[in-house]
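Coordinate analysis (summary)
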Amino acid sequence: MTARELWAGNIAIAEGALAAGVDFYAGYPITPSSEIMEHLARALPKRGGVFFQAEDEIAAIFSLIGASWAGARAMTATSGPGFSLMQEGLGIAIMTETPLVVVDVMRLGPGTGQASRAGQGDLMQARWGRHGDQHLVVLAPATAQDCFDLTVLAVNTAEKLRVPVVILSDELIAHTWEPVKLKEQEERWERPRPRSQEPPFGADHPARIPPMPPLGKGFDVSVTGSTHDAWGVRATSDPKIHRQLVERLGQKILAHRVEFTVYEAHGVEEAEVGIVAFGSAARSALAAQHLLAQQGIRAGVVVLKTLWPLPEEPMEELARRVQALLVPELNLGQLRLDVERLAAGRCPVIGLSKVGGGLPIYPSEIAAKVQEVVR
Amino acid sequence: MPNIKTLAQREEKQVRFTPGHTLCAGCAEPMVVRTVLNAIPDPVVVANATGCLEVASSRYPGSAWNVPWIHVAFENAAAVIAGLEAAYKALKRAGKITRTIRFVAFAGDGGTYDIGLQALSGTLERGHDILYVCINNEAYMNTGVQRSSATPRCAAATTSPVGEEIPGKPQDRKDLTEIVVSHHIPYVAQASVSNLIDLANKVERSLQFTGPKFFNVLATCPLGWRTPRASAIDQAKLAVETRYWPLYEVVEGKYRITYKPKKPLPVEEWLKTQGRFRHLFRDEKGKERIAEFQAAVDRHWEELVKKEQCLSGVQEQG
């Protein structure tokens with residue numbers, strides 16, 4: 001049995017969080033993400049969860065780290081300026097292997113930019129915004145349905161892999177109301193728990209996620225953002241321990257990537273031209289595909305929903321088949337750099353960058369660019 | 001010291017904050033800004049934190065500011081004004097600037113009580129020669145009425161909704177004015193948009209001191225308080241007359257209450273006119289909460305009177 005709801009993207013994210021068992025939310029109001037917070041302010045206390053409004057985004061993300069170590073499934077939501085403030089906390093969460101989810105409903109930057117307008121300029125920041133070598137998981141919804149489903153996946157992935165997961169939405173997705181289909185019960189992945197005193201930060205195999213002992217339940221735990229050994233003991237001058245730790249933190253994510261890799265491929269088998277996009281730009285790409293079909297041009301579209309680590313195979317595959325790859329995005333060309341890397345000279349990669357000031361990339365703009373390329 | 005006539009004359013003489021901004025009808029903020037800036041005879045530079053005032057005063061293609069104005073982000077008006085003032089001092093020392101310039105920061109309660117508190121504290125502690133004005137409308141009105149640490153207990157906000165679990169905001173508001181007093185800066189004042197002469201007096205008096213000068217000004221928000229648009233002044237006046245928002249100043253550590261209501265009204269008179277407290281007037285539980293609210297107001301007032309007596313440096317009369 002399935003139910004259907006009419007939700008805006010932000011509401012779908014909040015509902016996805018509830019379906020995924022999020023029981024702790026701390027945040028700070030910021031346009032265009034505030035509806036997530038307001039929805040959870042009402043809903044969480046009724047379910048015995050905890051909601052609180054922090055004094056700023058720094059406090060919000062660090063309270064998530066505390067809550068997560070106490071055993072909660074923790075989430076926050078923000079937008080560009082707040083996401084910038086949260087970067088330190090994200091880095092610490094990566095280093096301490098703390099499961100948590102951060103939603104960045106993208107607006108326009110840099111600076112305070114345009115608060116109530118959509119952009120996709122935070123892609124690189126989501127991946128690399130912290131200092132130091134690191135991996136985390138970045139997911140990007142293109143519809144309200146994605147908002148719901150990917151939030152469930154984000155919470156599950158964070159828990160299972162002990163890693164922070166970023167959901168990159170944008171203002172257009174956030175405030176577009178659409179039907180969302182619901183399953184009766186969402187799958188729930190749990191974080192690994194120790195059976196006895198096991199090292200909480202060490203693994204004999206890179207794919208193995210070390211068990212996470214809850215604080216206050218009888219385990220001796222030392223948690224630190226500094227380099228540490230398998231038991232969490234600080235080791236700030238040991239080259240081997242640092243190398244092993246940083247490499248493992250990346251390897252554990254890559255080893256499990258298939259579990260959280262989501263993308264859609266539309267009409268790629270017969271395609272003469274490929275289009276790769278995410279978020280609101282992907283919706284325009286799919287509409288452009290129809291426009292082009294009417295003119296007898298076969299465009300294949302890959303909609304990326306996992307943005308990091310990137311699903312490389314579908315793009316490599318597409319690059320082998322088509323005359324050219326087009327990358328429409330609402331920024332100065334961030335995803336294009338990766339598509340170029342993956343195409344590796346097999347076909348030209350053409351960016352369609354638009355700093356729209358809130359305007360979307362229109363399907364006609366994508367179609368026109370494709371026609372130019374095909375001709 | 002100004003009277004209502006001087007305030008009006010100042011309005012005619014110089015317009016530092018012009019009409020044509022897009023603040024809501026009935027918003028108290030422009031009155032506070034104009035009164036503060038007009039009470040300063042010297043040239044001013046304004047730093048403005050993110051908030052209603054910032055977005056509504058600088059909407060493309062216009063600006064309501066007839067003075068140099070800088071907005072950078074939410075948490076840092078105090079840090080920006082500190083940087084400006086420090087550079088000004090250096091340039092003055094080097095003889096590159098000769099005239100007196102005043103540096104004024106405007107921020108809301110979110111940008112001061114919450115995210116801006118750290119920057120404010122640093123600026124106060126370092127002793128920059130600035131004026132910092134918190135225009136306090138008791139919630140995050142710009143993003144859609146989320147509670148702040150200036151929001152009073154029991155007020156409904158989108159992140160402290162009224163329901164079976166909580167009666168609006170469950171916590172007391174933070175006493176920011178007293179936090180600032182604890183920095184031992186030369187001049188601290190609490191003021192209200194309902195008493196503009198009092199506000200103008202305070203700004204004028206503060207200018208004789210070198211160092212940080214801080215003003216916490218209550219400013220009605222009809223949208224967030226859910227009050228009629230024409231009632232901003234009346235609302236703020238009730239806050240003062242019920243002693244919910246005492247008008248006072250702390251000059252070099254000495255307290256002075258600048259207005260004592262002769263016949264203080266029960267705080268209920270202020271609460272009942274606002275939609276954000278409507279739920280308190282539904283049942284017995286609400287009555288209890290109003291009684292608790294009144295007790296807190298009375299306690300704070302008594303504390304303030306005692307501080308005035310102990311720390312005024314003036315012998316108590318009669």
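All values derive from a computational prediction rather than experimental measurement. (Residues numbered from 1 in each chain as written. Chains lettered and ligands numbered in written order. Predicted model: local features only at pLDDT ≥ 70, side-chain atom pairs only at ≥ 80, totals over all residues. Heavy atoms only, no water.)

1. Brief notes about the overall build of chain A
Scanning chain A from terminus to terminus reveals 14 helices and 14 strands. Computed over C-alpha atoms, the radius of gyration of chain A comes to 21 Å, within 12% of the 21 Å expected from 2.2 N^0.38 for 375 residues, which places it in the range of a compact globule. Along the longest, intermediate and shortest principal axes, the C-alpha atoms of chain A span 70 × 45 × 45 Å. Of all 375 residues assigned to chain A, the portion counted as buried reaches 57%. Within chain A, counting contacts between residues at least 6 apart in sequence, those at least 24 apart form 77% of the total. Approximately 14600 Å² of chain A is accessible, and the part contributed by carbon and sulfur atoms is 52%. (Helix = DSSP H or I, 4+ residues; strand = E, 2+ residues; numbered from the N terminus. Rg over C-alpha atoms; globule rule 2.2 N^0.38 Å. Buried < 20%, exposed > 50% of the residue type's maximum accessible area, 1.4 Å probe, protein only. Contact = heavy atoms within 4.5 Å. Areas by Shrake-Rupley, 256 points an atom, 1.4 Å probe, with all protein chains shown as cover.)

2. So, the domain arrangement of chain A
Residue and element names in this part refer to chain A. Taken domain by domain, chain A consists of domain 1 (3-182) and domain 2 (265-374). Between the C-alpha centres of domain 1 and domain 2 there is a distance of 26 Å. Contacts between the two partners involve 29 residues from domain 1 and, on the opposite side, 22 residues from domain 2. Looking only at domain 1, the three residues that lose the most surface to domain 2 are Q120, L123 and R127, adding up to 31% of its buried area. Applying the counting rule to domain 1 against domain 2 returns three salt bridges. Between K305 and D146 there is a salt bridge; the shortest N-O distance is 2.8 Å. At the surface where domain 1 touches domain 2, the tally comes to 16 residue pairs in polar contact (both at pLDDT 80 or more). With four residues, the top contributor of residues to the side of domain 1 that touches domain 2 is helix α6 (residues 123-128). Each residue belonging to the side of domain 1 that touches domain 2 can be placed in one class, and the counts come to 17 nonpolar, six polar and six charged. (Domains from an automatic or database assignment. Buried area = accessible area lost by both parts, 1.4 Å probe. Salt bridge = Lys/Arg side-chain N within 4 Å of Asp/Glu carboxyl O. Polar contact = N/O pair within 3.5 Å; in protein donor to acceptor, adjacent residues only side chain to side chain. Nonpolar A, V, L, I, M, F, W, Y, C, P; charged D, E, K, R; others polar.)

3. Let's talk about the sheet that holds strand β13 (residues 324-329) of chain A
Strand pairing within a sheet occurs via backbone hydrogen bonds; the two strands may be parallel or antiparallel. Residue and element names in this part refer to chain A. Pairing in this open sheet of five strands is mixed, and the strands run β9-β11-β10-β13-β14 from one edge to the other. The open sheet has two free edges, formed respectively by β9 (263-266) and β14 (349-353), since each of these has just one partner strand. Pairwise comparison of adjacent strand axes, ignoring direction, gives a mean angle of 20° for this sheet. Across five bridges, β13 lies against β14 in parallel orientation. Bridging from a neighbouring strand, E329 pairs with S353 of β14. Of the strands in this sheet, β9, β10 (273-277), β11 (299-304) and β13 are in contact with helix α11 (residues 279-294), which crosses β11 at around 165°. The strands touched by helix α13 (residues 335-343) within the sheet are β10, β11, β13 and β14, with β13 carrying the most contacts at an inclination of about 160°. (Pairing = 2+ DSSP bridges. Axes fitted to C-alpha atoms, helices over the stretch in contact; angles between N-to-C directions.)

4. Here's the deal with the packing of aromatic side chains
In total, this model carries 22 aromatic pairs over all chains according to the counting rule given. Judged by centre distance (5.7 Å) and plane angle (85°), the rings of F24 of chain A and F52 of chain A are edge-to-face. Separated by 28 residues along the polypeptide, F24 of chain A in strand β2 (residues 24-27) and F52 of chain A in strand β3 (residues 50-53) bring together distant segments of the chain. Look at F17 of chain B and W65 of chain B: their rings are 4.8 Å apart centre to centre, the planes differ by 70°, and that puts the pair in the edge-to-face class. Linking F17 of chain B in the loop between α1 (4-13) and α2 (29-38) with W65 of chain B in the loop between α3 (52-57) and β2 (69-71), this pair joins segments that are 48 residues apart in sequence. Since its relative accessible area comes to 7%, W65 of chain B is described here as buried. (Phe/Tyr/Trp six-rings, centres within 6.5 Å; stacked < 30°, edge-to-face > 60°.)

5. Points about the sheet that holds β2 of chain A
All names here are of chain A. A sheet is described by the order of its strands in space; here seven strands give the open sequence β3-β2-β4-β5-β7-β6-β12, paired in mixed fashion. Of all strands in the sheet, those with a lone pairing partner are β3 and β12 (306-308), marking the two edges. Direction aside, the axes of adjacent strands within the sheet are offset by 20° on average. Relative to strand β7 (residues 164-170), strand β6 (residues 137-139) is paired through three bridges, and the arrangement is parallel. The partner of L139 across the bridge, within β7, is I167. Here helix α3 (residues 57-69) sits on the sheet and contacts β2, β3, β4 (74-78) and β5 (100-106); the angle it forms with β2, its principal contact strand, is near 160°.

6. Details of the state of the cysteines
All names here are of chain B. Under the definition given, this model contains zero disulfides over all chains. Free cysteine C52: the closest other cysteine sulfur is in C221, separated by 6.3 Å. Under the relative-accessibility criterion, C52 is labelled partly exposed at 21%. Take C154: it sits in no disulfide, and the sulfur closest to it among the cysteines is that of C221, at 19 Å. (Disulfide = S-S within 2.5 Å.)

7. Here's the deal with the interface of chain A and chain B
In many analyses, interface size is given as the accessible surface area lost on bringing the parts together. Between chain A and chain B, the contact holds 16 residues from the first and 18 residues from the second. Of the roughly 1300 Å² buried between chain A and chain B on both sides combined, carbon and sulfur atoms contribute 58%. At the junction of chain A with chain B, the criterion picks out zero salt bridges. Along the contact surface separating chain A from chain B lie six residue pairs in polar contact (both at pLDDT 80 or more). Those elements giving two or more residues to the side of chain A that touches chain B turn out to be α2 (34-46) and β3 of chain A. Broken down by element, the residue count for the side of chain A that touches chain B peaks at five residues, all from α2 of chain A. Taken together, the residues that form the side of chain A that touches chain B break down as seven nonpolar, four polar and five charged.

8. A few points about α3 of chain A
Residues and elements named next belong to chain A. In a regular helix each residue adds 1.5 Å, so 13 residues correspond to 18 Å; α3 covers 19 Å between its end C-alpha atoms and thus fits that length. Within the sequence span of α3, burial applies to E57, A60, I61, S63, L64, I65, A67, S68 and W69. Of the residues flanking the end of α3, it is G71, one or two places downstream, whose phi is positive at about 115°. (Expected span 1.5 Å × (residues − 1).)

9. Things to note about the nonpolar core
Across soluble globular proteins, nonpolar side chains have a tendency to be buried as a group. One finds I36, M75 and L325 of chain A to be the most contacted residues of the largest nonpolar core, which totals 98 residues. The element best represented in this core is helix α7 (residues 144-161) of chain A, accounting for ten residues. Split by domain, this core shows at least three residues from each of two domains, domain 1 (3-182) and domain 2 (265-374) of chain A. Once residues lying within four places of it in the same chain are set aside, the contact partners of M75 of chain A are I13, A17, V22, F24, Y25, A26, I36, L40, L64, V101, V103 and T151 of chain A. Residues F103, L120, Y132 and W270 of chain B belong to the second largest nonpolar core, which totals 55 residues. (Core = buried A, V, L, I, M, F, W, Y, C linked by side-chain atoms within 4.5 Å.)

10. Brief notes about the packing of helix α1 (residues 9-19) of chain A against α2 of chain A
All names here are of chain A. Relative to each other, α1 and α2 sit at 40°, their axes nearing to 8 Å. With respect to α2, the axis of α1 lies oblique. In the crossing of α1 with α2, the sense of the turn from one axis to the other is right-handed. Note on element contacts: α2 touches α1 through E35, I36, H39, L40, A43 and L44, opposite N10, I11, I13, A14, E15 and L18. Each residue belonging to the contact of α1 with α2 can be placed in one class, and the counts come to eight nonpolar, two polar and two charged. (Parallel < 35°, antiparallel > 145°, perpendicular 65-115°, else oblique. Left-handed = near helix turned anticlockwise from the far one by under 90°.)

11. Topic: the packing of α1 of chain B against helix α8 (residues 196-206) of chain B
Residue and element names in this part refer to chain B. It is the contact of α1 with α8, at a shortest axis distance of 10 Å, that shows an interaxial angle of 75°. In terms of orientation, α1 lies roughly perpendicular with respect to α8. Residues I4, L7 and R10 of α1 lie in contact with α8, whose contacting residues are L196, I197, A200 and E204.

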